[in-house]
Amino acid sequence: MTKRLIFLGPPGAGKGTQAQILSETYKIPHISTGDILRTAVTYKTPLGDKAKGYMDRGELVPDDLILDLIKDRLLQSDAAKGWILDGFPRNVAQAKFLNSLLAELDLAADRVLYLAVPDEVLISRLLSRQRRDDNEATIRRRLEVYRRDTMPVIDFYQEQSTLKTIDGDGAMENVTSALKEAIA
Ligand code: AMP
């Protein structure tokens, strides 16, 4: 089976860690819009300069900065055999854009995996990371933005019945096994 996978879940759910592990297992690219944006900020590219303020405040970057970026990335040759999307789509408009883009390419996502983790676990995980947007005020804002903009994406995919929920509140290896089982 081709593996076109979408990872959903709140900040701190472990999407990035799990996506990295599974991208090595399945030999498909791990596409993280957050990583792409952080690289752009580090190298002070025009995209990075535009995105930085939003990221520092814990807000979503405007869709017009993200949609072309994800389209270009999915059209690169290494993405032909599958991919793991981590951090995209982040709102329903992005999910609809992705659906139309995939339909144009005569493709569809094979699985949408929702990593569920209780809030108190998320906050302690996020506070122990070393990222510049992992301070308490920004974390609180990112969780609010997640609830407002990203949780509706879970409903969107649930209606299309491609979504599987995985308990993300366990040892890393157990979460990886649960994901593999859901993907197989
Ligand atoms: P992440 O690494 O996925 O937690 O993303 C870090 C930050 O990058 C987020 O708080 C947003 O500011 C921005 N970001 C990442 N992905 C997206 C996206 N798909 N849409 C809008 N903003 C994004």
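Check the entry above for the structure.
Here is what the cut-offs are and how they apply
- Residues numbered from 1 in each chain as written.
- Predicted model: local features only at pLDDT ≥ 70, side-chain atom pairs only at ≥ 80, totals over all residues.
- Heavy atoms only, no water.
- Phe/Tyr/Trp six-rings, centres within 6.5 Å; stacked < 30°, edge-to-face > 60°.
- Buried < 20%, exposed > 50% of the residue type's maximum accessible area, 1.4 Å probe, protein only.
- Lys NZ or Arg CZ within 6 Å of the ring centre and 35° of its normal.
- Axes fitted to C-alpha atoms, helices over the stretch in contact; angles between N-to-C directions.
- Helix = DSSP H or I, 4+ residues; strand = E, 2+ residues; numbered from the N terminus.
- Parallel < 35°, antiparallel > 145°, perpendicular 65-115°, else oblique.
- Left-handed = near helix turned anticlockwise from the far one by under 90°.
- Contact = heavy atoms within 4.5 Å.
- Nonpolar A, V, L, I, M, F, W, Y, C, P; charged D, E, K, R; others polar.
- Salt bridge = Lys/Arg side-chain N within 4 Å of Asp/Glu carboxyl O.
- Near = heavy atom within 4 Å.
- Polar contact = N/O pair within 3.5 Å; in protein donor to acceptor, adjacent residues only side chain to side chain.

Asks: What am I meant to see in the packing of aromatic side chains here?
Replies: The geometry of an aromatic ring pair is captured by two quantities: the separation of the ring centres and the angle between the planes. Evaluation of the coordinates by the stated rule reveals 1 aromatic pair. Look at F156 and Y157: their rings are 5.2 Å apart centre to centre, the planes differ by 80 degrees, and that puts the pair in the edge-to-face class. Residues F156 and Y157 agree in their burial class; the two are buried. Over the ring of Y26 we find K3; its NZ or CZ atom is 4.8 Å from the centre of that ring.

Asks: Which parts of the structure should I look at to understand the packing of helix α4 (residues 63–74) against helix α5 (residues 92–104)?
Replies: For any two helices packed against each other, one specifies the inter-axial angle together with the distance between the axes. One can describe the packing of α4 onto α5 by two numbers: an axis separation of 11 Å at closest approach and a directional angle of 30 degrees. Between α4 and α5, the interaxial angle falls into the category roughly parallel. Regarding α4 and α5, the two cross each other, and that crossing is right-handed. Between α4 and α5, the residues in contact are D63, I66, L67, I70, K71 and L74 and A93, Q94, F97, L98 and L101, respectively. Among the residues making up the contact of α4 with α5, the classes are represented as 8 nonpolar, 1 polar and 2 charged.

Asks: I keep staring at the pattern of salt bridges and nothing clicks. Help me out?
Replies: Pairing is possible between side chains that carry opposite charge, provided their charged atoms lie close to one another. Within the structure shown, the criterion is met by 12 salt bridges. The shortest N-O distance in the salt bridge between D56 and K52 comes to 3.0 Å. Of the two residues, D56 and K52 both sit in helix α3 (residues 46–57), 4 residues apart, roughly one turn of that helix. For D56, a relative accessible area of 23% translates into the label partly exposed. Measuring nitrogen to oxygen at the nearest pair gives 2.8 Å for the salt bridge that ties D56 to R132. Separated by 76 residues along the polypeptide, D56 in helix α3 and R132 in the loop between α6 (119–127) and α7 (136–159) bring together distant segments of the chain.

Asks: Would you explain the environment of D119 in this entry?
Replies: For D119, the position within the fold is in helix α6. Expressed as a C-alpha distance, the spacing of D119 and A13, which sit 106 residues apart in the sequence, is 9.4 Å.

Asks: Looking at this structure, how should I read the site of the ligand?
Replies: Taken together, the neighbourhood of the ligand is formed by 15 residues, with T33, R38, E59, G87 and Q94 sitting nearest. A distance of 2.8 Å is found between a nitrogen atom of the ligand and a side-chain nitrogen or oxygen belonging to T33. Backbone polar atom of G87 to a nitrogen atom of the ligand: 2.9 Å apart, as the coordinates give it. For the shell around the ligand, the leading source of residues is helix α2 (residues 33–42), giving 4 residues. When the residues that make up the shell around the ligand are grouped by side-chain class, the tally is 6 nonpolar, 4 polar and 5 charged.

Asks: Sorry, what's going on with unusual backbone geometry here?
Replies: Peptide bonds are mostly trans, and most non-glycine residues show a negative phi. Following F88, the chain continues to P89 via a peptide bond in cis, the omega torsion being 0 degrees. By the element assignment, P89 lies in the loop between β3 (82–86) and α5. One non-glycine residue, K27, adopts positive backbone phi at about 55 degrees. Relative to the elements of secondary structure, K27 occurs in the loop between α1 (15–26) and β2 (30–32). The exposure class assigned to K27 is exposed, which follows from its relative accessible area of 59%. With a phi close to 60 degrees, D106 is a non-glycine residue in the positive phi region. Looking at the element boundaries, D106 is found in the loop between α5 and β4 (111–116). For D106, a relative accessible area of 72% corresponds to the exposed category.

Asks: What should I look at first to understand the side chain of D134 in this one?
Replies: Structurally, D134 is set in the loop between α6 and α7. Within the local environment of D134, its side chain forms a polar contact with the side chain of R142, the two groups lying 3.2 Å apart. Beyond its immediate stretch of four places on either side in the chain, D134 contacts L126, L127, R129, I139 and R142.

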